[in-house]
Protein chains: 2
Amino acid sequence: MSIRIGIIGYGNLGRGVECAIKQNDDLELVAVFTRRNPETVTVLTQSASVCNIADIEAWKDKIDVMILCGGSATDLPEQTPVYAKLFNVVDSFDTHARIPEHFANVDASAKESGHVGIISVGWDPGMFSLNRMYANAILPEGKDYTFWGKGVSQGHSDAIRRIEGVKDAKQYTIPVEAALEAARSGENPELTTRQKHTRECFVVLEEGADAAKVEHEIVTMPNYFADYDTTVHFISEEELKKNHSGIPHGGFVLRSGVTGWNKENKHVIEYGLKLDSNPEFTASVIVAYARAAYRLSKEGQSGCKTVFDIAPAYLSAKSGEELRASLL
Amino acid sequence: MSIRIGIIGYGNLGRGVECAIKQNDDLELVAVFTRRNPETVTVLTQSASVCNIADIEAWKDKIDVMILCGGSATDLPEQTPVYAKLFNVVDSFDTHARIPEHFANVDASAKESGHVGIISVGWDPGMFSLNRMYANAILPEGKDYTFWGKGVSQGHSDAIRRIEGVKDAKQYTIPVEAALEAARSGENPELTTRQKHTRECFVVLEEGADAAKVEHEIVTMPNYFADYDTTVHFISEEELKKNHSGIPHGGFVLRSGVTGWNKENKHVIEYGLKLDSNPEFTASVIVAYARAAYRLSKEGQSGCKTVFDIAPAYLSAKSGEELRASLL
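Residues numbered from 1 in each chain as written. Chains lettered and ligands numbered in written order. Predicted model: local features only at pLDDT ≥ 70, side-chain atom pairs only at ≥ 80, totals over all residues. Heavy atoms only, no water.

S.K.: An account of the overall build of chain A is needed here, citing residue identities and associated values.
M.R.: If you tally the helices and strands in chain A, you get eleven helices and 14 strands. Its C-alpha atoms give chain A a radius of gyration of 22 Å, near enough to 20 Å, the size a compact globule of 328 residues would have. Taken over the C-alpha atoms alone, chain A extends approximately 65 × 55 × 35 Å along its principal axes. Residues classed as buried in chain A amount to 57% of the 328 residues present. Here the contacts in chain A between residues at least 6 apart in sequence split such that 68% fall between residues at least 24 apart. As presented, chain A carries roughly 13,500 Å² of accessible surface, and 47% of it is formed by carbon and sulfur atoms. Positive and negative charge centroids in chain A, built from 34 and 45 side chains respectively, lie 3 Å apart. (Helix = DSSP H or I, 4+ residues; strand = E, 2+ residues; numbered from the N terminus. Rg over C-alpha atoms; globule rule 2.2 N^0.38 Å. Buried < 20%, exposed > 50% of the residue type's maximum accessible area, 1.4 Å probe, protein only. Contact = heavy atoms within 4.5 Å. Areas by Shrake-Rupley, 256 points an atom, 1.4 Å probe, with all protein chains shown as cover. Lys, Arg positive; Asp, Glu negative; His and termini not counted. Charge placed at Lys NZ, Arg CZ, Asp CG, Glu CD.)

S.K.: Help me get a handle on the sheet that holds strand β10 (residues 197-205) of chain A, residues and values and all.
M.R.: Residues and elements named next belong to chain A. The strand order across the open sheet formed by four strands is β8-β9-β10-β11, and the pairing between neighbours is mixed. Looking at which strands have only one partner, the edges of the open sheet turn out to be β8 (151-152) and β11 (229-234). Pairing analysis gives six bridges linking β10 to β11, with the strands arranged parallel. Following the sheet pairing, Val203 is matched in β11 by Phe234. The strands that helix α8 (residues 211-219) touches are β9 (166-175), β10 and β11; relative to β11, the one it contacts most, it runs at about 150°. (Pairing = 2+ DSSP bridges. Axes fitted to C-alpha atoms, helices over the stretch in contact; angles between N-to-C directions.)

S.K.: Could you give an account of the relation of the copies chain A and chain B, with specific residues and numbers?
M.R.: Note on the identical chains: chain A maps onto chain B by a rotation of 180° and an axial translation of 0.0 Å, with an RMSD of 0.0 Å. The superposition of one copy onto the other is thereby described by a two-fold rotation axis. Proximity to the rotation axis, assessed at the C-alpha, singles out Ala311 of chain A in chain A; its C-alpha lies 1.9 Å from the axis. Here 100% of the interface residues in chain A have copies in chain B that are interface residues too; the copies meet face to matching face. (Least-squares fit on C-alpha atoms with pLDDT ≥ 70 in both.)

S.K.: I'd like to hear about the environment of Gly251 of chain B, residue by residue, with values.
M.R.: Residues and elements named next belong to chain B. With respect to the element layout, Gly251 can be found in strand β12 (residues 249-259). With 43 residues separating them in the primary sequence, Gly251 and Gly208 have C-alpha atoms 37 Å apart. The contact partners of Gly251, leaving out residues within four places of it in the chain, are Phe128, Phe147, Trp148, Gly149, Tyr271, Gly272 and Leu273.

S.K.: Pulling in residues and values, what's your account of the packing of aromatic side chains?
M.R.: The geometry of an aromatic ring pair comes down to the distance between the two centres and the angle between the two planes. Within this structure, the stated rule accounts for nine aromatic pairs over all chains. Geometrically, the ring pair formed by Phe33 of chain A and Trp59 of chain A is edge-to-face, given 5.8 Å between the ring centres and 85° between the ring planes. Here the residue Phe33 of chain A occupies a position in strand β2 (residues 27-34), and Trp59 of chain A occupies one in the loop between β3 (49-52) and β4 (65-68), the gap between them amounting to 26 residues. Taken individually, Phe33 of chain A and Trp59 of chain A each receive the classification buried, so the pair is uniform in this respect. Ring centres 6.1 Å apart and planes at 85° place the aromatic pair Phe128 of chain A and Tyr271 of chain A in the edge-to-face group. Of the two residues, Phe128 of chain A sits in helix α4 (residues 127-138) while Tyr271 of chain A sits in strand β13 (residues 265-275), which places them 143 residues apart along the sequence. Directly above the aromatic system of Phe147 of chain B lies the positively charged group of Lys196 of chain B, at a separation of 5.2 Å from the ring centroid. (Phe/Tyr/Trp six-rings, centres within 6.5 Å; stacked < 30°, edge-to-face > 60°. Lys NZ or Arg CZ within 6 Å of the ring centre and 35° of its normal.)

S.K.: Residues and numbers for the nonpolar core, please.
M.R.: Counting 158 residues, the largest nonpolar core has Phe33 and Tyr289 of chain A together with Phe33 and Tyr289 of chain B as its most contacted members. What Tyr289 of chain A contacts, discounting residues up to four positions off in sequence, is Val90, Ile118, Val121, Leu130, Val307, Ile310 and Leu315 of chain A together with Tyr134 of chain B. (Core = buried A, V, L, I, M, F, W, Y, C linked by side-chain atoms within 4.5 Å.)

S.K.: Which residues make up the environment of Thr40 of chain A, and what values go with them?
M.R.: Residue and element names in this part refer to chain A. As for its position among the elements, Thr40 is in the loop between β2 and β3. In sequence terms Thr40 and Val50 are ten residues apart; their C-alpha atoms lie 9.6 Å from each other. Here the side chain of Thr40 touches Asn37 through a polar contact of 2.6 Å, landing on its backbone oxygen. (Polar contact = N/O pair within 3.5 Å; in protein donor to acceptor, adjacent residues only side chain to side chain.)

S.K.: Run through unusual backbone geometry, naming residues and quoting values.
M.R.: Note on backbone geometry: most residues besides glycine have negative phi, and most peptide bonds are trans. With omega at 0°, the peptide bond leading from Gly149 of chain A into Lys150 of chain A counts as cis. As for its position among the elements, Lys150 of chain A is in the loop between β7 (142-148) and β8. One non-glycine residue, Ser120 of chain B, adopts positive backbone phi at about 60°. Among the secondary structure elements, Ser120 of chain B is positioned in the loop between β6 (116-118) and α4 (127-138). Exposure remark for Ser120 of chain B: the relative accessible area of 0% places this residue in the buried category.

S.K.: Any details on the interface of chain A and chain B? Residues and values, ideally.
M.R.: In this assembly, 69 residues from chain A lie in contact with 69 residues from chain B. Between chain A and chain B lies a buried interface of about 6,100 Å² when both sides are counted; carbon and sulfur atoms form 63% of it. Here chain A and chain B share zero salt bridges between them. Applying the counting criterion to the chain A and chain B interface returns 29 residue pairs in polar contact (both at pLDDT 80 or more). (Buried area = accessible area lost by both parts, 1.4 Å probe. Salt bridge = Lys/Arg side-chain N within 4 Å of Asp/Glu carboxyl O.)

S.K.: Now, about the packing of α4 of chain A against α4 of chain B: what can you tell me, with residues and values included?
M.R.: Orientation of α4 of chain A relative to α4 of chain B, taken along the N-to-C sense of each, is 170°, at an axis distance of 13 Å. In terms of orientation, α4 of chain A and α4 of chain B fall into the roughly antiparallel class. On α4 of chain B, the residues touching Met127, Leu130, Asn131, Tyr134 and Ile138 of chain A of α4 of chain A are Met127, Leu130, Asn131, Tyr134 and Ile138 of chain B. Residue composition of the contact of α4 of chain A with α4 of chain B, grouped by class: eight nonpolar, two polar and no charged. (Parallel < 35°, antiparallel > 145°, perpendicular 65-115°, else oblique. Nonpolar A, V, L, I, M, F, W, Y, C, P; charged D, E, K, R; others polar.)

S.K.: An account of the sheet that holds strand β7 (residues 142-148) of chain B is needed here, citing residue identities and associated values.
M.R.: Read across the sheet, six strands follow the order β7(A)-β12(A)-β13(A)-β13(B)-β12(B)-β7(B) without closing on themselves; strand pairing throughout is antiparallel. The open sheet is flanked by β7 of chain A together with β7 of chain B, the only strands paired with a single partner. Across this sheet, the average inter-strand angle for adjacent strands is 10°, counted without regard to direction. When β12 of chain B meets strand β13 (residues 265-275) of chain B, the two strands line up antiparallel, connected through eleven bridges. The residue of β13 of chain B that forms the bridge with Gly257 of chain B is His267 of chain B. Contacts from α4 of chain A reach β7, β12 (249-259) and β13 of chain A together with β13 of chain B, with the element oriented near 5° to β12 of chain A.

See the structure below:
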């Protein structure tokens, strides 16, 4: 019998989860929950129901793992603890600074109801965190580097769109090749924010908007752009649609460290991702952890977990024997 | 109180384990066991005892985890099941084809005595296996690539040394840049053995040996060299000592795969290592898993485990709270 999966929220991430489920024979999408009128939402999986989120409690015994596909700013801090009362849950909460608080809330709720909740699943937090953690455990004396991109930053694109005179925009975060090479050298360089990444913006102006003023507002924007070398290109709406409608991303996690009685040997561990679709890759990670949530729950475990707490074999559809014979 | 570690076998790997323990405040090397006369073996850790392996049983309650640093051909298949009767054990058994059999032997012995045995720890098998497994679970439709090098292959160096007329030799395995780039492209190319790696040999001849004959024997040697493009350099003993006495290694694990309803998006996951010292890095991984073995044993677990079966957090000296706050 398949593991029955539900999705809350049918945006880019929810659709990515739906596609990832299709690639895993032991998983089945049974229902998508939305705040919209279900009749206005069409999903790709013909066998799946579309339901209003208000009716979710009726699905309590029909879904093994609920995947939450809302945003980290307002949706997940509220939803994950609430739905952990009814279901095993997985989310991709990515506000790094608020993870301890979110963990505590989900843990209390999941423990009380006897469910498993896995939070902050994806690639950062997620696979990047795992690689930082493994590398730190292996090389206790060393230095970590995380580079993002080349890829679209939704937050930075949104920040540009809020500027007066901007009709639409896409922002790419780009790692600086020289900084990457310096990190890879094993020399443990100190790298500033400006040295590590540049930002490239493609902006469509409203008619009559002042390009020079918009550009100045972008490049001087605190937190988002002021600490970076930022390039702004003004393009037509057609060009934006044609050349910048994808959601690629990726990046690199490096740790360089030393070993030996006199710390005489250097080592560099590097993990890199090159992703055509950020939400679909995030969804693929989430779906593997949904399998883990189901299995951990079947074993009688409960409470909040992160990628650090879950043995790798739980993610795979293969048995321990198969994994040892084929991938070890 | 520190976790008390013992080492069996004081070669390159054993010395690497000793150095790695020094970098971890919660671990303490208490004894090194050798088949040699202990009086002829000097270790770097002043507080550690050097003992003959025949006396190991007396240490049953004085050591929390025993690290086995022998070879995979004859030492470990025999030693790991035997010493799992007395201790929690970790080994770096690396004969991939015989892992299922070794697992079964260690599992039976460790379960009977109530110990934890972690086998095949290092980087391949080990960290490379983990990365293959995570990437396969995330991208079920895709293709795996493993490249080794640039680094010294002990097995290939030994094979050259066995040829008549050869006094000493070092063999480097080198990944072919074009093949790496093809794998990174996400186009899922089929790559032959010859396309993926070249082999470079530095050979010191005995006086009067026939260089052309030795070269021919090397490049045509079945299994070791015949399927590769191999370069042979004849050098002096001094040059070998001066330029080729290190034991660097490394390599790359890649998986490229597709996502999307119509498999329209490509993704590439890459993990790479660049190591000045193969045995010291292997030792650093082993020592992190020794910490895990101790903790799993304290929890009452027993039997054989691999890197697939162990939640990442067990490897780190940091608490769950610290890990979530700093590395997630």
